[in-house]
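Survey of secondary and tertiary structure
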Amino acid sequence: QYKQKTTDKQAEDFITELEQEISELMKRSTEVEQLSLSEDHLHLLQSFPSLKAAPPTKDWTEVRVRPSSYERTVVRAVAQLEETLSEEMKKLINEAELKRVQQYAEDVTLDPDTAHPYLILSDDGKQVHCGDVRKNLPDNPERFSPCPFVLRKQSFSSGRFYFEVQVKGKTDWILGVVRESIKRKGGITLRPQNGYWTTWFRNGTEYLAAAGPSVRLTLKSQPEKVGVFVDHEEGLVSFYDVAAAALIYSFTGCSFTGKLYPFFSPWFHDGGKNSAPLIICPVNQTE
């Protein structure tokens, strides 16, 4: 009976210690979420290093509580709890960051005067896909040819800007922002030096950041909706997997001169394999 009381007391002490660690982890997650909503970027940069590492935690896998018949169950449960908390911290940070940039959502409507003649725009200017017949349209200076590209009607030259596009069902697409002064006729190379900040999904398998040279991206899941965020003053263009609340890629230190336009390409329809449209979606902030 004495041994049993000793074991019970030891187990209670372990539980108390573990509860304190859990409380500290949850406190840290709240701090991170509040910090991510801050408009003070200097404060964010100064504070983040101290928050990036999780608080020191005990190696609970070495804990021994008799009788041994319960030991494996306790250690397994605690290890799983610590892993879950770590993943939950990452998820909270990602969700808070996405929620922050979604505050800058603006309405986006496609400009038919810039659309390649193969592209078909919806009447409301919120969808675009590539057809198999070239429309007879005036070859005005704003129109892309021969690349299947289209821009937003309105530009912006300062501040922050965010929009979301559904890419579900597509094997190829390109999204991003471009300078007003970009080349629109003939062969075009997508890279920041030419005024293009874009990401590209191609062949149903590859994700690339057109960084000149291109950077191959490895994603945990295939995005069905992509968010694009621009901070003009910070020289930042970021792409997000909205459902996963995960950053896909960021261009940093960008040199923006003049007006910027949101940029879209549903790419060619590939015999119907890539006929799904790009759909500009209303932004619903993550809960």
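Rules used throughout
- Residues numbered from 1 in each chain as written.
- Predicted model: local features only at pLDDT ≥ 70, side-chain atom pairs only at ≥ 80, totals over all residues.
- Heavy atoms only, no water.
- Pairing = 2+ DSSP bridges.
- Helix = DSSP H or I, 4+ residues; strand = E, 2+ residues; numbered from the N terminus.
- Axes fitted to C-alpha atoms, helices over the stretch in contact; angles between N-to-C directions.
- Salt bridge = Lys/Arg side-chain N within 4 Å of Asp/Glu carboxyl O.
- Buried < 20%, exposed > 50% of the residue type's maximum accessible area, 1.4 Å probe, protein only.

An unreviewed UniProt entry annotates the chain as E3 ubiquitin-protein ligase TRIM21-like of Seriola lalandi dorsalis.

1. Concerning the sheet that holds strand β9 (residues 225-231)
The strands that make up a sheet pair up through hydrogen bonds in the backbone, lying either parallel or antiparallel. With respect to topology, seven strands assemble into an open sheet ordered β1-β2-β13-β4-β9-β10-β11, the strand pairing being antiparallel. Whereas interior strands pair on both sides, the edge strands pair on one side only; in this sheet they are β1 (119-121) and β11 (246-251). Here the strands of the sheet are splayed against their neighbours by 20° on average, with no regard to which way each runs. Taken together, the three bridges between strand β4 (residues 160-166) and strand β13 (residues 278-281) define a ladder with antiparallel strand orientation. The residue of β13 that forms the bridge with V165 is I280.

2. Notes on the pattern of salt bridges
This structure, assessed with the given rule, holds seven salt bridges. With a closest N to O distance of 3.1 Å, E97 and R100 form a salt bridge. In this pair, E97 and R100 are both assigned in helix α3 (residues 68-102), three residues apart and thus about one turn of the helix distant. You can call R100 buried: its relative accessible area is 6%. Note that R202 is salt-bridged to E206, the shortest N-O span being 3.0 Å. Via salt bridges that share partners, R202, E206 and R216 belong to a single interconnected network.

3. Observations concerning the sheet that holds strand β12 (residues 260-265)
Here six strands make up an open sheet; going across it, the order is β3-β12-β5-β6-β7-β8 and the pairing antiparallel. Two strands close off the open sheet at either side, each with one partner strand: β3 (150-151) and β8 (215-217).

4. Description of unusual backbone geometry
Residues S145 and P146 are joined by a peptide bond in cis, for which omega reads 10°. Residues G212 and P213 are joined by a peptide bond in cis, for which omega reads 10°. The residue P213 is located in the loop between β7 (206-209) and β8 in this model.

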